[in-house]
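# Analysis of the macromolecular model
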Amino acid sequence: MNRGERLRVFTGTAHQTLAQDICAHMGVPLGAASLARFPDGEINLKLEMDVRGADVFVIQPTCPNVHEHLFELLSFADCLRRASADRITAVIPYFGYARKDRKDEGRVPINAKLVANLLVTSGYNRVLTIDLHAAQIQGFFDIPVDHLYARPVMIERVRQLATKDVMIVSPDVGGVKLARAYAKDLGCDLAIIDKRRISGEQTVIEHVIGEVKNRDVVLVDDMVSTGGSIVDAARIVKEKGARKVFIVATHAVLCGNAVDKLNKAEVEKILFADTIPIADKKISRLEIVSVAQLLARAIERIHRSESVSKLFEPGAP
Ligand code: R5P
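This structure is a prediction, so every number in the text was calculated from the model and none was measured. (Residues numbered from 1 in each chain as written. Predicted model: local features only at pLDDT ≥ 70, side-chain atom pairs only at ≥ 80, totals over all residues. Heavy atoms only, no water.)

## Details of the overall build of the protein
Defined as follows: Numbering of helices and strands runs from the N terminus; a helix is a DSSP stretch of H or I covering at least four residues, while a strand is a stretch of E covering at least two. What the globule rule says is 2.2 Å times the number of residues to the power 0.38, and the radius of gyration is computed from C-alpha atoms. Exposure classes here rest on a 1.4 Å probe applied to the protein chains alone. A residue is buried below 20% of its type maximum, exposed above 50%, and partly exposed in between. We call two residues in contact whenever any of their non-hydrogen atoms come within 4.5 Å of each other. Only four residue types enter the tally: Lys and Arg on the positive side, Asp and Glu on the negative side; His and the chain ends are excluded. Every charge is mapped onto a representative atom, which is NZ of Lys, CZ of Arg, CG of Asp or CD of Glu.
Along the protein, the regular secondary structure elements total eight helices and 14 strands. Here the C-alpha radius of gyration of the protein, 20 Å, is about what a compact globule of 317 residues would show, namely 20 Å. Each principal axis of the C-alpha atoms in the protein carries an extent, and together these give about 60 × 45 × 35 Å. The buried share of the protein, reckoned over its 317 residues, is 53%. A separation of at least 24 residues holds for 62% of the contacts in the protein among residues at least 6 apart in sequence. Seen as two clouds, the 43 positive and the 40 negative side-chain charges of the protein have centres 2 Å apart.

## Brief notes about the packing of helix H4 (residues 151–161) against helix H5 (residues 176–186)
As a reminder of what qualifies: Whenever a helix is involved, its axis is fitted only over the stretch in contact; in every case the axis is a line through C-alpha atoms, and angles between N-to-C directions fall within 0 to 180 degrees. Any angle from 65 to 115 degrees is called roughly perpendicular, while one under 35 is roughly parallel, one over 145 is roughly antiparallel, and all others are oblique. Should the near helix be turned counterclockwise from the far one by less than a right angle, the crossing is left-handed, whereas a clockwise turn marks it as right-handed. Each residue gets one label: Ala, Val, Leu, Ile, Met, Phe, Trp, Tyr, Cys and Pro are nonpolar, Asp, Glu, Lys and Arg are charged, and the others, such as Gly, are polar.
At a closest axis distance of 11 Å, the pairing of H4 and H5 adopts a crossing angle of 55°. Considering the angle they form, H4 stands oblique to H5. In this structure, H4 meets H5 at a crossing whose hand is right-handed. Between H4 and H5, the residues in contact are Arg 151, Met 154, Ile 155, Val 158 and Arg 159 and Ala 181, Tyr 182, Asp 185 and Leu 186, respectively. Here the contact of H4 with H5 is composed, by residue class, of six nonpolar, no polar and three charged.

## Here's the deal with helix H3 (residues 111–122)
Under the convention used in this document: Helix span, as expected, comes to 1.5 Å for every residue beyond the first. Throughout, the arc means that of the directions going from the helix axis to the C-beta atoms.
Helix length check: H3 (12 residues) gives 16 Å between terminal C-alpha atoms against 16 Å at 1.5 Å per residue, within 8%. For H3, the full list of buried residues reads Asn 111, Ala 112, Val 115, Ala 116, Leu 119 and Ser 122. Within H3, the buried residues cover an arc of 150° as seen down the axis, which keeps them to one side. Where H3 ends, the next residue or the one after it, Gly 123, has phi of about 135°, a positive value.

## Observations regarding the nonpolar core
So the rule is basically this: Throughout, nonpolar core names a set of buried Ala, Val, Leu, Ile, Met, Phe, Trp, Tyr and Cys residues whose side chains join them through atoms within 4.5 Å. For the domain bounds, the source is a domain assignment made automatically or taken from a database.
One finds Ile 22, Val 218 and Leu 295 to be the most contacted residues of the largest nonpolar core, which totals 43 residues. The dominant element in this core, judged by the number of residues it contributes, is helix H8 (residues 292–303), at seven residues. When we break this core down by domain, the ones giving at least three residues each are domain 1 (3–150 + 292–312) and domain 2 (151–289). For Val 218, the residues in contact, after removing those within four places along its chain, are Val 158, Ala 162, Val 166, Met 167, Ile 168, Val 169, Phe 246 and Val 248. Core analysis: the next-biggest nonpolar cluster, separate from the first, contains 34 residues, Val 51, Val 56, Ala 98 and Ala 134 among them.

Structure, rendered in structure tokens:
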């Protein structure tokens, strides 16, 4: 069977809006599947259409409920493989457990690797994702991984918002690579916050490396989880004399009281991508930047066996 004739896109319950938006950009319908729960909460999945010989994409971030949404993703692969799909790609806009990517102390698991193993074992042949917390997670898979960046989509809006003596600031040393890429694209300076993490919830800022006084500061991070890092960073750059402060992050995990913290922060605008559902969160000054079109173009290219890197070349569709 010719793959071109048999493209199928399915989604679980994590982020149906994003899946519908991606399908709209591709001009294809979302695949029919019933995804219910047994009385004890176990997942009860059934495909409502033929997938034999099809090139199938399953769209699902592993957030907001990482275990439930991960298991739905695994269940789809098992189901599709047994239903004779030709190729199965996991489209994971937000890859949870990515921060557990090494043994940073004794007697701890590497859960990012465990998740990669589970995805491959369940039947996935490829992975498509955006802004992995650590790019080297690609190496946890022995199947192809296409790793996209939200930056080109975000940057268009950043250019319109931050206009005067713009400075990109990374809220921690680990985020410098991402921040440097933004600074390079915008042709502006880069500063770094020297942050020390005390626990999952608590961080302490030691220094700001760089002069932020009278600058339009754009704080860039791959994710906002408890909001501690980015909100502390916003406070410190403001104390150091920043003129305006903007927050730009791809993945809005937003756990605990992150929304409260963001609402109290002295910032002009908060830009989050829609890799995780956030439309119903009451965040003031929020603008959602959609990655649906980017994902749609990437899916189409994978389907046609075309280069995905080309999407990031100047003038790309
Ligand atoms: C750190 O390595 C990440 O890039 C983020 O800065 C961090 O995970 C955000 O977490 P939180 O919002 O809980 O400070």
